[in-house]
Amino acid sequence: MASATVAVEHDEDHGHAETNTGISNNKLAMWLFLSSDCLLFGALISSFLLYRTNIGDNNTGYDSPFDVFDIPFTSLSSFVLLMSSLTMVLSLSAVNRDDERAGRIWMMTTAFLGMVFIGGQVFEFTEFYQVYGLGYSTNTWTSAFYTLTGFHGVHVSVGILMLLGTVFGTRKSGLGKGKSETVELVGLYWHFVDIVWVIIFTVIYLIPIG
Amino acid sequence: MAIVERPLAIGAGDDAVPVVDRPLGDLTRPKISGTWKDWLSTVDHKKIGIMYGVAAMFFFVIGGAEALLIRIQLATPNGTLLSPEVYNQVFTMHGVTMIFLVIMPLAAAFANYLLPLQIGARDVAFPRMNALSFWVFLFGGLFLNSAWLLGGGADGGWFNYAPNSSVTFSPSHGIDFYALGLQITGIASLVSAINLITTVLNMRPKGMSLFRMPVFTWMNLVVQFLLLFAVPVISVALFELTFDRLFGANFFNTEAGADPLLWQHLFWIFGHPEVYILILPSFGIISEVIPTFSRKPIFGYSFMVFSGIAIGFMGWGVWAHHMFVSGIGPISVAAFSLSTMFIAVPTGVKILNWLATIWGGRLRFTTAMLFAVGVVSMFTIGGLSGVTHSIAPADTQQTDTYYIVAHFHYVIFGGALLGIFSGFYFWWPKMFGYMLNERIGKWNFWLQIVGFNVTFGPMHILGLQGMSRRIDTYDASFGFEFWNLVASIGSFIIAAGIAIFFWNISYSRKQWKKAGMPNPGPDPWDARSLEWMTASPTPEHNFDEEIVVESLDEFWHRKYGYDENNNVVRIATAEEVAQDGSNTNVHLPSPSYFPIVLALGLPIIAYGLIYSLWLCIPGAALLIYGFVGWIFEHPDDPNAAHDHHDEHGDGDEPDALDAPADDAGADDEAELVAAGTETEADNG
Ligand code: HEM
Ligand SMILES: [Cu+2]
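Residues numbered from 1 in each chain as written. Chains lettered and ligands numbered in written order. Predicted model: local features only at pLDDT ≥ 70, side-chain atom pairs only at ≥ 80, totals over all residues. Heavy atoms only, no water.

1. Let's talk about empty space enclosed by the protein
Residue and element names in this part refer to chain B.
Next up, step 1: In the structure shown here, the tally under the stated rule is seven cavities of 30 Å³ or more.
Next up, step 2: Each pocket or cavity is described by its volume, and for the largest cavity that value is around 300 Å³.
Next up, step 3: Forming the boundary of the largest cavity are 26 residues, of which Met104, Thr185, Ala188, Ser189 and Leu227 lie nearest the centre.
Next up, step 4: Those elements that place two or more of their residues in the lining of the largest cavity are helix H3 (84-119), helix H5 (174-202), helix H6 (215-247) and helix H7 (261-294).
Next up, step 5: Looking at which element gives the most residues to the lining of the largest cavity, the answer is H6, with eight residues.
Next up, step 6: Broken down by class, the residue content of the lining of the largest cavity amounts to 17 nonpolar, eight polar and one charged. (1 Å grid on protein atoms, 1.4 Å probe; cavity = no way out; pocket = protein on both sides within 12 Å on 5 of 7 lines; lining within 4 Å. Points joined across faces, edges and corners; volume = space filled by probe spheres on them. Helix = DSSP H or I, 4+ residues; strand = E, 2+ residues; numbered from the N terminus. Nonpolar A, V, L, I, M, F, W, Y, C, P; charged D, E, K, R; others polar.)

2. Comments concerning the confidence of the model for chain B
All names here are of chain B.
Next up, step 1: With 89% of its residues at a pLDDT of at least 70, chain B reaches an overall mean of 88.
Next up, step 2: Mean pLDDT values for the elements of chain B range from 32 in helix H20 (residues 669-683) up to 98 in H5.
Next up, step 3: Confidence drops under pLDDT 50 across residues 1-26; counting only partners more than four residues distant or on other chains, this segment forms 85 contacts.
Next up, step 4: Across residues 641-684, where pLDDT falls below 50, the model places 80 contacts with residues more than four positions away in sequence or in other chains.
Next up, step 5: The complex model carries a pTM of 0.90, and its ipTM stands at 0.91. (pLDDT = per-residue confidence, 0-100. Contact = heavy atoms within 4.5 Å.)

3. Concerning the packing of helix H4 (residues 127-146) of chain B against helix H17 (residues 594-611) of chain B
Residues and elements named next belong to chain B.
Next up, step 1: As a packed pair, H4 and H17 sit with axes 8 Å apart at the nearest point and diverge in direction by 30°. Here H17 runs roughly parallel to H4, going by the angle between their axes. The hand of the H4/H17 crossing is right-handed. Here Arg128, Ala131, Leu132, Trp135, Val136, Phe139, Phe143 and Ser146 of H4 come into contact with H17, specifically with Pro595, Ile596, Leu598, Ala599, Leu600, Leu602, Pro603, Ala606, Tyr607 and Ile610.
Next up, step 2: Here the residues of the contact of H4 with H17 are counted per class, giving 16 nonpolar, one polar and one charged. (Axes fitted to C-alpha atoms, helices over the stretch in contact; angles between N-to-C directions. Parallel < 35°, antiparallel > 145°, perpendicular 65-115°, else oblique. Left-handed = near helix turned anticlockwise from the far one by under 90°.)

4. A look at the coordination of the copper ion (ligand 2)
Residue and element names in this part refer to chain B.
Next up, step 1: Protein coordination of the copper ion (ligand 2) is provided by His272 (ND1), His321 (NE2) and His322 (NE2), with donor distances spanning 1.8 to 2.0 Å.
Next up, step 2: In primary-sequence terms, the residues that donate to the copper ion (ligand 2) follow H-x48-H-H.
Next up, step 3: Its relative accessible area of 13% is what places His321 among the buried residues.
Next up, step 4: A residue is classified by how much of its surface remains accessible, and His322, at 26% relative accessible area, is partly exposed. (Donors = N, O, S within 2.8 Å, 3.2 Å for Na, K, Ca; no water. Buried < 20%, exposed > 50% of the residue type's maximum accessible area, 1.4 Å probe, protein only.)

Structure, rendered in structure tokens:
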């Protein structure tokens, strides 16, 4: 919620006024929000780390989360999300070149890749629940796992809404050079969410349980 | 009326193409009506600051009543006023209310009102977001307190340790209200932190470098950074608690093998920075009051600033001193014991600086000054008892006794709250255009400080005698009865002091009206910073023209100079230097209903989470409605009757662009200017 508020907050004080830092109000606000969000994920990741090895609790019958992970599948969807950062960069550079059409196409591609990632997450959650019998309340591991990845999923979804909002909301006003800061801010958010995923992916799926 | 549309205007560039909007229902653009309705849609940082203050004082009365209930219960052995269950709720809600709904919003009231003024800005960076913060805070606070009407308040103590906070041990909804209510007020703090930091970093006028900012502004900047990083941590803890209680998660479910220390760590990582969030604004206030009434610049300005920053950093490294007896292991205990001793250093630096400022000054003991001196002395006592429990072995004896209760009341009441009262007396004329009566003010002060010491001083003794905190009664044979009775009498003296404060407000106002509403002038105290350089009460547009700043204490330096013998001499009167507020040509942000609409969605969603998820649908609908409306509403109504001239006048005139391109009723700029003069009069 807060993220979106920040994102759409328009320079109410006539953003043209020079700022002391040289960074526009909107961009500074976005940076501040993201720095705060780091702590949010920091706390969530710490909580997960605490319960990282507890997947067997409550007689689930698993020794290790690697019994249920489908690493190739998750790697693929992570790759998709990473690629979406690339398309986001391409979109911004197109907008900077005043190439409105390309800007829109790349932005839609970014949103699409984000949706593929979310689709993958939904699939994974369903699989865990239906095939492996891991519900939200099953044990400490499942609670921590679903909460952490769920919060990240919500962040990605908000990002998708921001992307679609920018594409469709600018149909009349155009998405030219003048909108480059808008696109840049959406991009900042999007890259942040991607980087957080890299950390989450490492923590959950890569570091072996010794 | 045309509204310029900037769809999803995330920092839309200057060349956004104006389009005529389809207005979203009636809420699209509030009109200034000159009635109370203006307050619902205002985006003026001063009005928002005042609303923060009023709301916080309302909660202060509630929290104060809870405190009196506690003291009546404990006045005599085997008290029967409150059952143990209700007693738990009363002390929990008292603590939560005082910290989150009184001290924090009172600090926010001053920060909102003063930060833009002290740096010489016209408003905050995001005026509508500012309104949003306030409404979210207010609704969160009301939501939290509505628990009293819906089965009882939270009962786990303000730090609400797990697993005691689980459904098993606290089956009523009280703790759900706690978790969701604090979540909501947390959003308010976060939004406001982003807003105020952006304001201070980005919107200073020419010459106002960071190290020319008043200490009050500096302390609040540090506080906003602390909030920025502390709030998300408590948010996660509260989310986890909510999910545990409402959706069967296992974060704190010890039966499922959860670690109860997870809550304690998350809570105190937030919690210790939080205590500095409570105290630093008050440090800021008295750093303005003491120099003014000592007629000296603050001693060691840069020490003052850097010790504030140091506290801001070190505050993150001491949290586990709240957990010495939780079984965190000897190494952690030793490390946190040490770090806690160190954090007293920058705090001590501040105290020495205030003393050095007072030293040799030509003192005027106004009520504001008395309260400020009260802070210095009472906080010193509280800080010293804090250092005594930084020593882990001693703390093992003191923790969870009344000694701790004494400590934190000396720092929070004696430090934070007295400072806020100092601020009331100091800035009252600037905010409301009349002075609070000084004679009554002194009664207010002396009753409050005497009552405070009579109440909390004996608690040190009770604690050392072994009276544990949070017990609902005690037996006559324990030897606690004398000091408890003393403390209870003291609490009523405090209540009398506070009542006198409220009385002072209405009495002074009546006297002022009787006297024909004399204006206190821009600078009734011969003060130093920029907020005194404009008329009292502050005109809606703050400053007539941008101030070019050349030094710290700019306003003072414009009033005083040096003669050939290097003696300070008056070179100008305040009236000569100050702006008279007559400029009506200043561009103001337009009011909006969307912040309050958006904020209203949150408590509805929260009720939905507790009672029936169906209720979340209208809540979310309201939220989305407010949100979409917000995006499509241009922050500056081009047709508003405000004067619509840009004060920066740097040739890059967005106003021209904002003018509706093809709206039939579009006024042109000239008419706007003409229309503006009238409204300025009726809303000023
Ligand atoms: C010189 C600086 C300070 C030191 C060394 C210090 C030290 C401590 C320690 C070690 C405790 C834990 C005691 C225990 O629970 O056993 C504590 C508790 C507490 N302190 Fe401080 N403190 C300082 C300043 C402050 C300030 C400025 C505030 C607030 C404005 C504050 C508010 C509190 C509160 C609310 C508690 C009680 C928490 C609870 O409910 O258990 N302290 N302090
Ligand atoms: Cu602490």
